[in-house]
Amino acid sequence: MRDSDDESDLRTAFAALRREDATEAPAFEALLARARPPGGRRGLLPLLGGLTAVSVVAVVLAVMAGRRPGPAPSPAASIEQWIAPTDFLLRTPGYEILQTTPRIGASPVLPPAEGAALSGPRPKRRSMS
Amino acid sequence: MSRARLEAELAELHGASFGWALACCRTDRGEAEEVLQATYLKVLDGRARFDGGSEFKTWLFAVIRRTAAERRRRSWMRALALDRWRAGHAEPTPVPDPERLASRSEAARRLRVSLRALPARQRELLHLVLYQELSLEEAAQVVGISVGSVRTHYHRAKIRLRRMLGEGGR
């Protein structure tokens, strides 16, 4: 379908434009020659791409093989060994006394051996008879 | 379609294709040549395949239009990526060759100036129908819109162009 209702003036103007452009058009062969990839280059690009991919995979595998995984720390052990940064605040004077069970006859301040020596032999109880 | 056949078809339509590439590139000759070259490469490489669903000419024009749009988009992206001061100069207005300008007729020059002032869609449709002598249906295929829309845009474009040419002639 052609919309040709009274547009001959415009068609004439555009035809003049077309003639002008036709004189400026580059030669088809020259443009096509520039559009053609140079011989061998087209086959070389996929080859280069493949080689790059293979070398990247090889490097990744080598790095992974070189890495020896150490024994994984158990989460329970790591929690047990953990010490809070403010832990020292809990160590009050006399902390050791509070941590040990007192014994009868032993000094609560001195070590057990010294404590026993200082206390000496027990006085004999006099019989009332 | 064989490569030899494709080359023959491209050669036959070369003049018209160059005119359409110029229209797609806002009459920048250098850019039009690059777009046309990229299009030929696409067609001959098989990246753009003609399936026979339309005329070869309308299909080729659609490929040229798409290639020009891709190129323009890439230029914009590049301009955005560059420094701000360069962004303003990334899309320089094509400077026409003085010799070429001198050889052109006054009427043709006025027509080109008026066309450049039109919206892209209207400019494209006027070119396809009046310059390339395609039907409205073929123009719709190239631009990728409905025939009804083409009719509306084309009608408005003619009125606007006539008004501009009349104003310029006074």
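Further up the page is the structure itself.
The text that follows walks through the structure, step by step, so that each part is easy to find.

Conventions adopted
The numbers attached to residues start from 1 for each chain and follow its sequence in the written order. Chains carry letters and ligands carry numbers; both start at the beginning, A for chains and 1 for ligands, and go up in the order they are written. Totals for whole chains, interfaces and linings use every residue, but because this is a predicted model, local features are given only for residues with pLDDT of at least 70 and side-chain atom pairs only at 80 or more, for both listing and counting. Side-chain calculation: all heavy atoms of the structure are included, whereas hydrogens and water are not. Strands are runs of DSSP state E lasting at least two residues, helices are runs of H or I lasting at least four, and both sets are numbered from the N terminus onward. Exposure classes here rest on a 1.4 Å probe applied to the protein chains alone. A residue is buried below 20% of its type maximum, exposed above 50%, and partly exposed in between. Accessible surface area values rest on a Shrake-Rupley calculation with a 1.4 Å probe, where residue burial reflects the displayed protein chains alone. By definition, residues are in contact when any of their heavy atoms lie within 4.5 Å. Note: buried area is the sum, over both parts, of the accessible area (probe 1.4 Å) each one loses when the two are combined. By convention in these notes, a salt bridge is any Lys or Arg side-chain nitrogen within 4 Å of a carboxyl oxygen on Asp or Glu. For helices, the fitted line uses only the C-alpha atoms of the stretch in contact; every axis is such a line through C-alpha atoms, and the angle between N-to-C directions lies from 0 to 180 degrees. An angle below 35 degrees is treated as roughly parallel, one above 145 as roughly antiparallel, one from 65 to 115 as roughly perpendicular, and anything else as oblique. Residues are grouped as follows: Ala, Val, Leu, Ile, Met, Phe, Trp, Tyr, Cys and Pro are nonpolar; Asp, Glu, Lys and Arg are charged; every other residue, Gly included, is polar. Regarding the arc, it is the one traced by the directions from the helix axis to the C-beta atoms.

Moving on to the overall build of chain A. For chain A, the helix and strand inventory stands at six helices and zero strands. Reading chain A from its N end, one meets helices and strands in the order α-α-α-α-α-α. Per-residue burial for chain A yields a buried fraction of 12% across its 129 residues. Surface accessibility of chain A: about 11,200 Å² in total, with carbon and sulfur atoms responsible for 65%.

Here we take up the interface of chain B and chain A. Taken together, the contacts link 39 residues of chain B with 27 residues of chain A. Summing both partners gives a buried area of about 3,300 Å² for chain B against chain A, and 56% of it is carried by carbon and sulfur. On inspection of chain B and its partner chain A, the count reaches five salt bridges. Salt-bridge contacts for Arg18 of chain A lead to Glu133 of chain B; the nearest nitrogen and oxygen are separated by 3.9 Å. Sorting the residues of the side of chain B that touches chain A by element identifies α1 (3–12), α2 (14–24), α3 (29–45), α6 (98–103), α7 (106–117), α8 (120–131), α9 (136–143) and α10 (147–169) of chain B as the ones contributing at least two each. With eight residues, the single largest contributor to the side of chain B that touches chain A is α3 of chain B.

Right, let's get into the packing of helix α1 (residues 8–24) of chain A against α8 of chain B. For the pair α1 of chain A and α8 of chain B, the least separation of the axes is 9 Å and the interaxial angle reads 90°. The angle between α1 of chain A and α8 of chain B places the two elements in the roughly perpendicular class. Along its contact with α1 of chain A, which presents Leu10, Arg11, Phe14, Leu17, Arg18 and Asp21 of chain A, the element α8 of chain B presents Leu126, His127, Val129, Leu130 and Tyr131 of chain B. Broken down by class, the residue content of the contact of α1 of chain A with α8 of chain B amounts to seven nonpolar, one polar and three charged.

Residues and elements named next belong to chain B. Within α1, the full set of buried residues consists of Leu6, Glu7, Glu9 and Leu10. Across the axial projection of α1, the buried residues extend over an arc of 160°, all falling on one side. For α1, the exposed residues set more than 90 degrees away from the buried face come down to Ala4 and Glu12.

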